[in-house]
Structure formats: C-alpha cells, structure tokens
Amino acid sequence: ETGVTQSPTHLIKTRGQQVTLRCSSQSGHNTVSWYQQALGQGPQFIFQYYREEENGRGNFPPRFSGLQFPNYSSELNVNALELDDSALYLCASSFWNSYGYTFGSGTRLTVV
Amino acid sequence: AQKVTQAQTEISVVEKEDVTLDCVYETRDTTYYLFWYKQPPSGELVFLIRRNSFDEQNEISGRYSWNFQKSTSSFNFTITASQVVDSAVYFCALSKYNNNDMRFGAGTRLTVKP
C-alpha cells in the first residue's frame, strides 16, 4: 500500500509567479485535503476535494485553487505568489469520513 | 468557531521520564473528532490517534496514553518512559464530524535528551 506522495519536495519561486503542487493520494482514498504550514506554526486548512469537487475551504484567497482528478490525485495552484506564501504545503488523503488522514511529506515552497 | 490551544511551546525531558502534552479545544459542535499527530524533522505528519466526541474512554497504546475530558474540553497526551526517538513536534487537532477542516494547535516541540 503506497502512502501519499507529493511533488516537488522543494521549490523556489519569484513573487508574482504561479506555482502548481501535486499530490497522489493513498490507494483506496477518495478525499484530498491541502494544508499550509508556516514555519513554527500548526498546519492551516486550505481546502478539501471529494469526488473532484471542492468540499470545504479555509480562510484562503481565491488565488489558491485546486483540482482533483478521477484517480483522486490532486493539484494545488497558487497564483500571484506573495512572500508570505512561503511555507510547507501538506497534502492529506482519507476515505471520506474514515479513521484518519494520511499526510505526505510536503512541498517546501520558498517565494523570493 | 473551532480552536485548539497547546499552551506548551517546548518541553525538554531526560530519557525515561514521563511527559504530558496538554491540549484544550473550543467548539460549538456536539459531535466532533480530536486527533494527535507527530511531526518528526522529515516533515510528514504521523497519525497517532482519533477520538470522537462520544467516546470519553481513555486509551493506552504501548507507551502512549490519552486522557479525554469533555468537562474541561481537554485531550491530553502522555508518553511514559520517554525515548530519544520521541523527539518531535506534536500537534493536537479538532475536526467537524464530516472530517472536514481539521484545525490544528500550534504544536509542542518535545526534546528527549539521552
């Protein structure tokens, strides 16, 4: 059973650019959630996708958007990058309301 | 609004000591889930436990135990006979019953010294 895989592991972007982060969910999981974790803080919920539709969103602006594909993998897109977007982005998958999330190792995004 | 408070920012203990990590939560929901996760330096969050709001039984898993008290809105985590490998940041989290929008505390960094 494979876990959650995120790519890339590290990324450096310039302010104003756009970025796409990718996540492959664990086998058997149909729900993907994205979290942003700034240095020294707890993860913050960005949004969740279930059956290819957004199923809840945290307090993040519209320039944060996502997709879920038929194979349940997911993308997080961030437009017009700001310096404060520098963080570890974590993807988590689950089978809807099942026991718990499985997290990936994250993508560390640095905006310069 | 949902909120999780982990008042202990950092804890340092010597190996074999017992240590308790505190977690206090706020929610208006009557049904919800509580979680504990471990985050080692590699970055991934490792799931430790999930508790639903109807189950106030304490749980023990090896050296780990959890004390859920609805009356004080607390869900504390105790590591018995700590080991160096327990060094990590530990997060307490709260989610709605539909498993959506998990809210994390700020985390407690535990350092276990040999």
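Model, not experiment: these values are computed from the prediction.

All names here are of chain A. Taken in spatial order, the four strands of this open sheet run E1-E3-E8-E7, and their pairing is antiparallel. Where the open sheet ends on each side, the last strands, each with one partner, are strand E1 (5-7) and strand E7 (64-68). Along the sheet, successive strands turn relative to each other by an average axial angle of 15 degrees, direction set aside. Of the strand pairs in this sheet, strand E3 (residues 19-24) and strand E8 (residues 74-78) are connected by five bridges, and their pairing is antiparallel. The partner of Arg-22 across the bridge, within E8, is Glu-75.

Attention shifts here to the interface of chain A and chain B. The partner chain B presents 20 residues to the 22 residues of chain A that form the contact. Between chain A and chain B, the buried area comes to about 1,700 Å², and carbon and sulfur atoms account for 49% of it. Of all the secondary-structure elements, those providing two or more residues to the side of chain A that touches chain B are strand E4 (31-37), strand E5 (44-50), strand E6 (53-57) and strand E9 (87-94) of chain A. Looking at which element gives the most residues to the side of chain A that touches chain B, the answer is E9 of chain A, with three residues. The class makeup of the residues in the side of chain A that touches chain B is nine nonpolar, 13 polar and no charged.

Attention shifts here to the environment of Cys-23 of chain A. Residue and element names in this part refer to chain A. Relative to the elements of secondary structure, Cys-23 occurs in strand E3. Its relative accessible area of 2% is what places Cys-23 among the buried residues. For the pair Cys-23 and Thr-5, spaced 18 residues apart in sequence, the C-alpha to C-alpha distance is 5.7 Å. In this structure Cys-23 touches Val-4, Thr-5, Gln-6, Val-32, Trp-34, Ser-73, Ser-74 and Cys-91, once residues within four positions along its chain are discounted.

Rules behind the numbers
Residues numbered from 1 in each chain as written. Chains lettered and ligands numbered in written order. Predicted model: local features only at pLDDT ≥ 70, side-chain atom pairs only at ≥ 80, totals over all residues. Heavy atoms only, no water. Pairing = 2+ DSSP bridges. Helix = DSSP H or I, 4+ residues; strand = E, 2+ residues; numbered from the N terminus. Axes fitted to C-alpha atoms, helices over the stretch in contact; angles between N-to-C directions. Contact = heavy atoms within 4.5 Å. Buried area = accessible area lost by both parts, 1.4 Å probe. Nonpolar A, V, L, I, M, F, W, Y, C, P; charged D, E, K, R; others polar. Buried < 20%, exposed > 50% of the residue type's maximum accessible area, 1.4 Å probe, protein only.

This is a description of form; function is not addressed.
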